Amino acid sequence: MNNEIALLSQFLDSLGPEVSGRSAAPLTDEETARIEEFAAGRLSPAQRQALLPSILGNDNALQALVRILRAQP
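Remember, it's a predicted structure, so these values are computed and weren't measured experimentally.

Draft legend 1. The arrangement of the pattern of salt bridges in detail. Here the structure, examined in full by the defined rule, presents one salt bridge. The partner of Arg 34 in a salt bridge is Glu 37, and the shortest N-O contact between them spans 3.1 Å. You can see Arg 34 and its partner Glu 37 sitting in helix 2 (residues 29–40), three residues apart, about one turn around the helix. On the accessibility criterion, Arg 34 (28% relative accessible area) is partly exposed. When its relative accessible area of 26% is taken as the criterion, Glu 37 is described as partly exposed.

Here it is in structure tokens:
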């Protein structure tokens, strides 16, 4: 899981400041909780695979993921 997080972090770092076509929809409490579970490694591979498109397609979700990952020890 740590390798997957490292790869995702590298991918996120490679993104420019703005990518057209991404949504900026506000996150629900449930979406934020799922992103926290993802960052903590508590999702199965299938759950991670299902969640990733929604994270990558929403700028707020990406920012939340980065914030959560950076806050981890």
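Draft legend 2. Fine view of the side chain of Asn 58. Looking at the element boundaries, Asn 58 is found in the loop between helix 3 (45–56) and helix 4 (59–71). Polar contacts involving the side chain of Asn 58 include one to the main-chain amide nitrogen of Asn 60, which spans 2.8 Å. Residues within four places of Asn 58 in sequence aside, it is in contact with Ser 23, Ala 24, Ala 25 and Leu 27.

Draft legend 3. Fine view of the confidence of the model for the chain. For the chain, the mean per-residue pLDDT works out to 83, and 84% of the residues sit at or above 70. Of all the helices and strands in the chain, helix 1 (residues 2–14) carries the lowest mean pLDDT, 71, while helix 2 carries the highest, 96.

Draft legend 4. Looking closely at the packing of helix 2 against helix 3. Across the interface, helix 2 lies against helix 3 with an axial gap of 11 Å and an inter-helix angle of 125°. Here helix 2 is positioned oblique relative to helix 3, judged by the angle of their axes. Pair helix 2 / helix 3 crosses with left-handed handedness. For the pair helix 2 and helix 3, contact is made by Arg 34, Ile 35 and Phe 38 and by Gln 47, Arg 48, Leu 51, Leu 52 and Ile 55, respectively. Tallied by class, the residues present in the contact of helix 2 with helix 3 amount to five nonpolar, one polar and two charged.

Calculation rules
Residues numbered from 1 in each chain as written. Predicted model: local features only at pLDDT ≥ 70, side-chain atom pairs only at ≥ 80, totals over all residues. Heavy atoms only, no water. Salt bridge = Lys/Arg side-chain N within 4 Å of Asp/Glu carboxyl O. Helix = DSSP H or I, 4+ residues; strand = E, 2+ residues; numbered from the N terminus. Buried < 20%, exposed > 50% of the residue type's maximum accessible area, 1.4 Å probe, protein only. Polar contact = N/O pair within 3.5 Å; in protein donor to acceptor, adjacent residues only side chain to side chain. Contact = heavy atoms within 4.5 Å. pLDDT = per-residue confidence, 0-100. Axes fitted to C-alpha atoms, helices over the stretch in contact; angles between N-to-C directions. Parallel < 35°, antiparallel > 145°, perpendicular 65-115°, else oblique. Left-handed = near helix turned anticlockwise from the far one by under 90°. Nonpolar A, V, L, I, M, F, W, Y, C, P; charged D, E, K, R; others polar.

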